[in-house]
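Architecture and fold: a report
Chain by chain, the residues:
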Amino acid sequence: MGALLLKDWYLIRKKYTWIFLLALTVSAIPLLSETLARNGFFLVYPCCVGFNLSFYLMQADRGSRWDVYACALPYSRAMQISEKYLIGLIAGAVSVAWVLVMQGWTLHRFGGFQWEAIGAMAYFLFFGGCLLLSLYMPLMCLFGVSTGQYVFGFLLVVLLVLFLLLSLLLSFALPYEMFSETMFKLFLPTPAVLGLSWYLSIRFYGRLDLGA
């Protein structure tokens, strides 16, 4: 596992440093004005980059045929997939931590800092990112990277639309306190979903024809 992590770390430094630099820059934009500080894009985008890192790495592995070469090494397919989940969780956690620091600085600058708000951001950003990871990994392992990315894109759009519609319906039907509590509960099953996603990914990847 350590060698796989080291290999991906070298790959990140060589090919994907610019993605993280862009994400860090985006997370600092709300410091410019109070209006920008209210825009959720600057919260979500850097975290999506972190949790999507495994997706980029799987694309690179497929492009270089590393996934085929790795089958000749003493690494099981289950170990390879587990390492990608670990990378996604680590990169996602680092991204969330950075965003929280920048948002805390932003809220302090404009006089609205609250520990409760920071805690809520941490909860929704990390668990939301874990759900994103839980969605695309099984699809990459079931359909392969080339086809899986298109299936993932389609499903992501559908799920985002459904989530927004559900949020709007709940916000109109419930008082703010009950709405916040309901949204909080919706994310509680995330660890179980992540575990199921990991299990399915291992099963799917074990059957995937890498020679295609």
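Each remark here, short or long, concerns the structure printed above.
Note that this is a predicted model, so its numbers are computed, not measured.

A separate point is the pattern of salt bridges. Per the counting criterion, the structure on display carries six salt bridges. Of the charged contacts, one joins D8 and K7 as a salt bridge, the two residues approaching to 2.9 Å between their closest N and O atoms. A salt bridge links K84 to D8, with the nearest nitrogen and oxygen atoms 3.2 Å apart. Of this pair, K84 sits in helix α6 (residues 77-109) while D8 sits in helix α1 (residues 2-28), and the two are 76 residues apart along the sequence. Just as K84 is buried, D8 falls in that class too. One network of salt bridges, with partners in common, ties together K7, D8, D61, E83 and K84.

Another aspect to go through is the environment of D67. Within the secondary structure, D67 sits in helix α5 (residues 66-69). Contact partners of D67, with chain neighbours within four places excluded, come to D61, R62, Y205 and L210. There is a polar contact of 3.2 Å between the side chain of D67 and the side chain of R62.

With 27 residues, α1 extends only 33 Å from end C-alpha to end C-alpha; this falls clearly short of the ideal 39 Å at 1.5 Å per step. The largest bend in α1 is about 75°, located at Y16. Turning to α1, its buried residues are L4, D8, L11, I12, Y16, I19, A23, V26 and S27. Summarising the contacts, the buried residues of α1 are in contact with α3 (41-51), α4 (53-64), α5 and α6.

Before going further, it helps to examine a nonpolar patch on the surface. Side chains of F154, V157, V158, L159, V161, L162 and L165 sit close together on the surface and give an oily, nonpolar patch of about 640 Å² of accessible area. With respect to the helices and strands, V161 occurs in helix α8 (residues 145-173).

The rules we used
Residues numbered from 1 in each chain as written. Predicted model: local features only at pLDDT ≥ 70, side-chain atom pairs only at ≥ 80, totals over all residues. Heavy atoms only, no water. Salt bridge = Lys/Arg side-chain N within 4 Å of Asp/Glu carboxyl O. Helix = DSSP H or I, 4+ residues; strand = E, 2+ residues; numbered from the N terminus. Buried < 20%, exposed > 50% of the residue type's maximum accessible area, 1.4 Å probe, protein only. Contact = heavy atoms within 4.5 Å. Polar contact = N/O pair within 3.5 Å; in protein donor to acceptor, adjacent residues only side chain to side chain. Expected span 1.5 Å × (residues − 1). Bend = angle between axes of the 7 residues up to and from the residue. Patch = residues over 30% accessible without salt bridge, like charges linked within 9 Å, V, L, I, M, F, W, Y side chains within 5 Å. Areas by Shrake-Rupley, 256 points an atom, 1.4 Å probe, with all protein chains shown as cover.

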